[in-house]
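Structural overview
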Amino acid sequence: MKLHPLSSSIAAPERMNNPFYYEPHPLCLLAAEDLQRRIRARREWQEEIGKGKMFGVLVVEDTNGQRGYLAAYSGQIAGRSDWKDYVPAVFDYLQPGGYFKAEETEIDRLNHRITVLETSPERRRALQVLQTTREKATTETTAYKHLMAEAKVLRDKQRAAGAGNEAYRIKESQFMKAELRRLKAKHKALIAEKEAGMAAYDREIEEKREERRRRSDALQQWLFSRFIMVNGRGGQKDLLHIFSEAVHRVPPAGSGECCAPKLLQYALTHHLRPCCMAEFWWGASPATELRRHLAFYPACRGKCKPILDFMLQGIEVEVNPLEEPSKQTLEWVFEDEHLTVVCKPAGMLSVPGRSPKESVVGIVQSQCGGNADVLPVHRLDMQTSGLLVIAKSKAAHKHLQEQFRKQEVKKRYVAVLDGEWNGTKEGRIELPLRPDPLDRPRQLVDSKRGKRALTLYKVLETGRGHTRIALYPKTGRTHQLRIHCAHMAGLGIPIVGDELYGRHSDRLYLHAECIEFQHPATGKHLYFERKAPF
């Protein structure tokens, strides 16, 4: 049994916390503190996990009401999934001599063979000959075309002067055109001959690549079929069947190897009642993601949500408040027949989502009798409060969006950072962003594939462990301000209450304070401001 003792008079929660939205329960904090002490004692792990590793705890009760906690780490450590005191892998495919390792070895051999074929001296020489042949064809053909052009100029001058023999000029033109065709045909045949020589090498390379693809796909299918997950109702499903009903259809690599599924699998297969769970990051943050040492994070949505949705069936779980109607009021700031400006409260969606939560667009649509073209010009994150512009016609929407595209709309946000900023009082942050397809809505910093994102900032006040700051976004990327504040290449301090990139609080302390733009019909300059409620 992998159960660690947990002595405390703190009562366990009536329902297990939602792994995608939670503030760590006091029992989880105690368990995490004990686990972190154990991790520090593992000196042989420190170099590897110092580069970044997710750990998790699950507080459980056995059939006698005895309480303790289970511990897990994501993936492997030192190539192992079976370290003492940690729950094992749902399916340990890394055992020496097993099918996975044997097949992986064969795939590695194919990779090596492909590399040898691609870099062989014979193939390199054949490729060089082919390139030389193509270059020679281009050079000779281009030179002959120049010769033809010069001959044509001379013929045209002779015609203009009435000199020479016209029949000879016609024959010369015909001969040169035929000669060009013969030259092209000769080079085409030479190139085809050299390409055939290359094809002999490339045919085997492609055959090996196809075999590698086939074996890799088959190995993945085999692996996911061995991850047989259980749930609170006693049901069982492998990952292939679980993900067949999900958005991705196919399990992403690493599915079933995160902390949460491993912890739940062990608890449910050992008759332990799950009480509460928490996952924390250990070590350095990845370059693209935002992970802070010892900070708690929700389960990832791409790899874990389909799995946990199945596993949690039959277990009493807290409802995610982000999916419940907020029952908040919307402040109307300005309205005419062309547009509406509102002040959105934190916790309200900008546009309708999958949950039953009300949205700004839905409310405005209802106020307009449900018939108007209510179109959001821009959006605010659900947890961000502040000014939002809604168009009431397609023409107004197009005009306003064009202003946004040309960066003619001016916006100012105010935020409170979870720490004191000691750098320059004013500056700019430019970090390209893209979505994380396996953990939406989280965004990643990506210098190669990310879209340009620029924010200007001005520090308003610093002290008592916080920084009040004005933010001026010049682009409109998802979570732009939140990441530009939190990422170490930006300000390096998350916004208070940022549960994705920082830590939980009573709300996200980010507010769209003012906005100014031209009226889409009259051209009049409009300026609106609503001070932050914090």
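About the cut-offs
Residues numbered from 1 in each chain as written. Predicted model: local features only at pLDDT ≥ 70, side-chain atom pairs only at ≥ 80, totals over all residues. Heavy atoms only, no water. Helix = DSSP H or I, 4+ residues; strand = E, 2+ residues; numbered from the N terminus. Buried < 20%, exposed > 50% of the residue type's maximum accessible area, 1.4 Å probe, protein only. Phe/Tyr/Trp six-rings, centres within 6.5 Å; stacked < 30°, edge-to-face > 60°. Pairing = 2+ DSSP bridges. Domains from an automatic or database assignment. Contact = heavy atoms within 4.5 Å. Buried area = accessible area lost by both parts, 1.4 Å probe. Salt bridge = Lys/Arg side-chain N within 4 Å of Asp/Glu carboxyl O. Polar contact = N/O pair within 3.5 Å; in protein donor to acceptor, adjacent residues only side chain to side chain. Nonpolar A, V, L, I, M, F, W, Y, C, P; charged D, E, K, R; others polar. Axes fitted to C-alpha atoms, helices over the stretch in contact; angles between N-to-C directions. Parallel < 35°, antiparallel > 145°, perpendicular 65-115°, else oblique. Left-handed = near helix turned anticlockwise from the far one by under 90°. Arc of directions from axis to C-beta. Disulfide = S-S within 2.5 Å.

1. Examining the environment of Y413
Counting through the fold element by element, Y413 comes out in strand β12 (residues 410-417). Residue classification places Y413 among the buried positions, given a relative accessible area of 7%. The spacing of Y413 and Q128 is 285 residues in sequence and 59 Å in space, taken between C-alpha atoms.

2. Quick notes on the packing of aromatic side chains
Following the criterion strictly, the structure yields 15 aromatic pairs and no others. For the pair W45 and Y86, a centre-to-centre distance of 5.4 Å together with 50° between the ring planes defines the contact as tilted. Residue W45 is located in the loop between α1 (26-41) and α2 (46-49), and its partner Y86 is located in the loop between β3 (67-73) and α3 (99-118); the two are separated by 41 residues in the primary sequence. Assessed through its relative accessible area of 1%, W45 is described here as buried. Judged by its relative accessible area of 4%, Y86 is buried. Ring centres of F91 and F227 lie 6.1 Å apart, and the angle between their planes is 70°; on these two criteria the pair is classed as edge-to-face. Remark: F227 occurs in the loop between α5 (166-226) and β4 (228-230) and F91 occurs in the loop between β3 and α3; sequence separation between them is 136 residues.

3. Examining the pairing of strand β2 (residues 53-61)
Most of β2 sits out of view: 9 of its 9 residues are buried. Sheet topology places β2 next to strand β6 (residues 273-282); 9 bridges connect them, and they run antiparallel. Considered in β6, the bridge of V57 is made with A278. Pairing geometry for β2 and β3, over 7 bridges, is antiparallel. Bridge assignment links F55 to a residue of β3, and that residue is Y73.

4. Section: unusual backbone geometry
Peptide bonds are trans in most cases, and residues, glycine excluded, mostly fall at negative phi. The peptide bond linking R440 to P441 adopts the cis configuration, its omega dihedral lying at 10°. As for its placement among the helices and strands, P441 is situated in the loop between β14 (433-435) and β15 (443-445). Non-glycine residue L294 carries a positive phi angle of around 70°. Mapped onto the elements, L294 comes out in the loop between β6 and β7 (296-297). Backbone geometry places Q407, a non-glycine residue, at a positive phi of 60°.

5. Quick word on the domain arrangement of the chain
Annotation of the chain at the domain level lists domain 1 (4-91 + 228-321), domain 2 (106-223) and domain 3 (331-529). Computed from C-alpha coordinates alone, the two centres of domain 1 and domain 3 are separated by 33 Å. In this assembly, 19 residues from domain 1 lie in contact with 22 residues from domain 3. The largest share of the area that domain 1 buries against domain 3 comes from T288, L290 and R292, three residues that together contribute 37% of it. Linking domain 1 to domain 3 there are 1 salt bridge. The closest approach of N and O atoms between D439 and R291, which form a salt bridge, is 4.0 Å. Taken together, the connections running from domain 1 to domain 3 amount to 8 residue pairs in polar contact (both at pLDDT 80 or more). In terms of residues, the side of domain 1 that touches domain 3 owes the most to one element, helix α8 (residues 301-311), which gives 3 residues. By residue class, the composition of the side of domain 1 that touches domain 3 is 10 nonpolar, 3 polar and 6 charged.

6. A few points about the sheet that holds β2
Strand order across the open sheet formed by 5 strands is β1-β3-β2-β6-β7, with antiparallel pairing between neighbours. Of all the strands in the sheet, the pair left with one neighbour each is β1 (4-5) and β7. On top of the sheet, α1 reaches β1, β2, β3, β6 and β7; it is set at about 50° to β6, its chief contact. The sheet strands contacting helix α7 (residues 259-269) are β2, β3 and β6, and the helix crosses β2 at an angle near 25°.

7. Regarding the packing of α7 against α8
Closest axis-to-axis distance for the α7/α8 pair is 10 Å, and the angle between their directions is 20°. Judged on the interaxial angle alone, α8 and α7 are roughly parallel. Judged by the twist between their axes, the crossing of α7 over α8 is left-handed. Contact with α7, carried on its side by A260, P261, L264, Q265 and L268, involves C304, I307, L308 and M311 of α8 and no other residues of that element. In the contact of α7 with α8, the residues fall into 8 nonpolar, 1 polar and no charged.

8. Section: helix α9 (residues 360-367)
Among all positions in α9, only V360, V361 and V364 are buried. Looking down the long axis of α9, one finds its buried residues gathered within 95° of arc, a one-sided arrangement. Here the buried face of α9 lies against β8 (331-335), β9 (339-344), β10 (375-376) and β11 (385-391). Following α9 by one or two positions, G369 has its phi on the positive side, about 80°.

9. Quick notes on the state of the cysteines
Applying the stated criterion to the full structure yields 0 disulfides. Just so you know, C258 is unpaired, no disulfide at all, and the nearest cysteine sulfur is the one on C304, 3.6 Å from it. Unpaired in this structure, C275 has its nearest cysteine sulfur neighbour in C276, at a distance of 6.1 Å.

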